[in-house]
Amino acid sequence: MDPQKFSRKLWSARKQLILMLAPLLLLPLLFVVPPKEGKCLYVVLLMAVYWCTEALPLAVTAMLPVCLFPTMGILPSKKVCPQYFLETNFLFLSGLVMASAIEEWGLHRRIALKVLKIVGVKPAWLILGMMITSSFLSMWLSNTATTAMMLPIANAILESLFGNLETLKENCKDKNRSEQKNLKEVRKEAEYQMKVWKGFLISIPYAASIGGTATLTGTAPNLILVGQLKSYFPECDLINFGSWFVFAFPLMLLFLILGWIWIAFLYGGLNTRKHDEREAAEAKAKAVIDEDYKKLGPIKFAEGSITFFFIMFAILLFTRDPKFVTGWSVFFTKGYVSDAVTGVIIISILFFFPSQCPSLRWWFDSRASNTPYVPLLSWRKAQECVPWNIILLLGGGFAMAKGCEESGLAVWIGNHLQPLAQVPPAVAVILITAFIACFTEFASNTATIIIFLPVIAELAIRVNVNPLYFMIPATTGCSYAFMLPVSTPPNSIAFASGHLMVKDMVKTGFVMNILGILCVSLAMNTWGLHMFSLHTYPDWARPLNMNTDAQ
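Calculation criteria
- Residues numbered from 1 in each chain as written.
- Predicted model: local features only at pLDDT ≥ 70, side-chain atom pairs only at ≥ 80, totals over all residues.
- Heavy atoms only, no water.
- UniProt positions renumbered as here; feature names shortened; annotations may be inferred.
- Helix = DSSP H or I, 4+ residues; strand = E, 2+ residues; numbered from the N terminus.
- Expected span 1.5 Å × (residues − 1).
- Buried < 20%, exposed > 50% of the residue type's maximum accessible area, 1.4 Å probe, protein only.
- Arc of directions from axis to C-beta.
- Polar contact = N/O pair within 3.5 Å; in protein donor to acceptor, adjacent residues only side chain to side chain.
- Contact = heavy atoms within 4.5 Å.
- Core = buried A, V, L, I, M, F, W, Y, C linked by side-chain atoms within 4.5 Å.

Looking at an unreviewed UniProt entry, the protein chain carries the name Solute carrier family 13 member 3, with the source organism given as Cyprinus carpio. As its UniProt record puts it under Sequence similarities (unreviewed entry), the protein chain is described as follows: "Belongs to the SLC13A/DASS transporter (TC 2.A.47) family. NADC subfamily." What UniProt records for the protein chain under Subcellular location (unreviewed entry) is the sentence "Membrane".

K.L.:
Explain the environment of Ala154 to me, please; I cannot follow it from the model alone.
P.N.:
Mapped onto the elements of the fold, Ala154 is located in helix α11 (residues 143-162). Residues Ala154 and Ile127, spaced 27 residues apart in sequence, show a C-alpha to C-alpha distance of 9.3 Å.

K.L.:
Even after reading the chapter, I still don't get helix α21 (residues 388-407), so can you show me in this structure?
P.N.:
In an α-helix, one turn spans 3.6 residues, which is why side chains three or four residues apart end up on the same side. In this model, α21 (20 residues) spans 28 Å end to end at C-alpha, consistent with the 28 Å of a helix rising 1.5 Å per residue. For α21, the tally of buried residues reaches 14 of 20 residues, placing the bulk of the element in the interior. Taken from the residues just after α21, Gly408 is the one with a positive phi, measuring 90°.

K.L.:
Before we go on, may I ask you to explain helix α26 (residues 489-496) in this structure?
P.N.:
Listed in full, the buried residues belonging to α26 are Pro490, Asn491 and Ala494. Angular distribution of buried residues about the axis of α26 spans 100°; they occupy a single face of the element. Among the residues trailing α26, Gly498 stands out with phi positive, at a value near 85°.

K.L.:
Looking at this structure, how should I read the UniProt feature "transmembrane region" (unreviewed entry) in the protein chain?
P.N.:
If you check UniProt for "transmembrane region" (unreviewed entry), the listed places come out as residues 48-72, 122-141, 200-224, 244-268, 301-320, 340-364, 423-456 and 508-527 in our numbering. Secondary structure content for residues 122-141 is 80% helix and 0% strand, while the C-alpha to C-alpha distance between its ends is 27 Å.

K.L.:
Looking at this model, I keep getting lost on the side chain of Asn445. Mind explaining?
P.N.:
Topologically, Asn445 is positioned in helix α24 (residues 445-462). Judged by relative accessible area, which is 18%, Asn445 ranks as buried. A distance of 3.3 Å separates a polar atom in the side chain of Asn445 from a polar atom in the side chain of Thr446. The residues touching Asn445, leaving out its near neighbours within four places in the chain, are Thr219, Pro221, Thr440, Cys478 and Ser479.

K.L.:
Please clarify how the nonpolar core should be interpreted in this entry.
P.N.:
Side chains that are nonpolar tend, in soluble globular proteins, to be buried together. Core analysis: the largest hydrophobic core is formed by 164 residues, its most contacted members being Phe233 and Phe470. With 13 residues, helix α15 (residues 241-266) is the single largest residue contributor to this core. In this structure Phe470 touches Pro425, Ala428, Val429, Ile432, Ile456, Leu459, Ala460, Val463 and Val465, once residues within four positions along its chain are discounted.

If you want it as structure tokens, here you go:
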């Protein structure tokens, strides 16, 4: 058979081959590693291979611990199954349901257009407006939904600014007639406009990924950090919605501003050269934004209600136990009320609160229609919007962490990481963030953090460093996937528009990765150091440390 044809057949059957060969190739682990640790390592690496290659759907791979941990004698099913719906999953679910209510009544679109009205229509300011809006929305909505919603708005504004994209491309390619002075000007202006167009499109997925890091519910890895902390260090209560927001929001703002400056510089957004046609186009773009905003009409009762509950959702989560001041949780028995309780209380109201303003006259008007009231959110809508596969993925991560802990695999790995104790902790933070940011370019950020967080926690214990000092940068860094279209769904959506090239994302994303790593390092060694007392080894990590030493 022709080698080229054979290689194509291998490629087309790659997933089936990985499914069959990976379990066989990993079998030697069962004989070279201590029995229980070896079995757990076998399952962990098998799941890592399946997650990274997507040989199975991510959610199906996440359920492998339910099959393999009990049958291989690693963990009984009564300990595995509860990991799939911990309180962390309820917090994530409450965030998703709140997001679906916001989308149901179009509040996210009103917020986006209002921000764009405020920032103006100069290219640099419009890019900033796009990034601010995308990052804010992705703090509460999924990064994918935010990108999918913002791209059509961006394209409409760009078309009003620069006209038809195909015409622009033709003007850029028109080299044969470019010797005439006026045609040179047309080509130069078209090239500038194409650069700005790319800057707009690339800024949206990047800002969505950055914004998701600012809240615990903004992206799944943040919740995996909380879940795994509770598994490994039950006494650690430093990370909750409020304390995470106080740490991560300034980091997000800093990175967003630096990212905006880089994108605006790279794609011509900072060009302030006067041009009559540009001014006319900017006026037209402003009219498009104003017109779209007018079409929304006045704020409806449902939108106002969702806004109120959304603000309550954020305030109650932030003030429950923010650590730097006493929160309202002191009014309840200590340890009883968590972020999950707060989130579920608020979203439960959405399922019975009316979407139309109640009227007393209806009770006394015999001619009024007796149609049933419509709540702000129906369960059918919530079911459609909630990505249940991510809930399973979170559960799979928690089950894997539990298996690593109970089997002793975490300790075994820690013993083999001892040589890394020679690396200064501040340098280790940069290396960990850089490694995770690079790895997540090729794998799901959720799968990445599930695989590496237990190892990083054990590394911190071995080198006698506060575990949060290594775990927080790893968690944040796995959201910094900017270089490839396949790195994240938002990148894929922007790339699928057909206006971006891989080299555009690599060139922009490489510097974005460096900026992100430096921002995380700065945050960890300044305000993060004091917020979480990272300069000391905490008491909540000592019992585990003592146990590992004893073993």
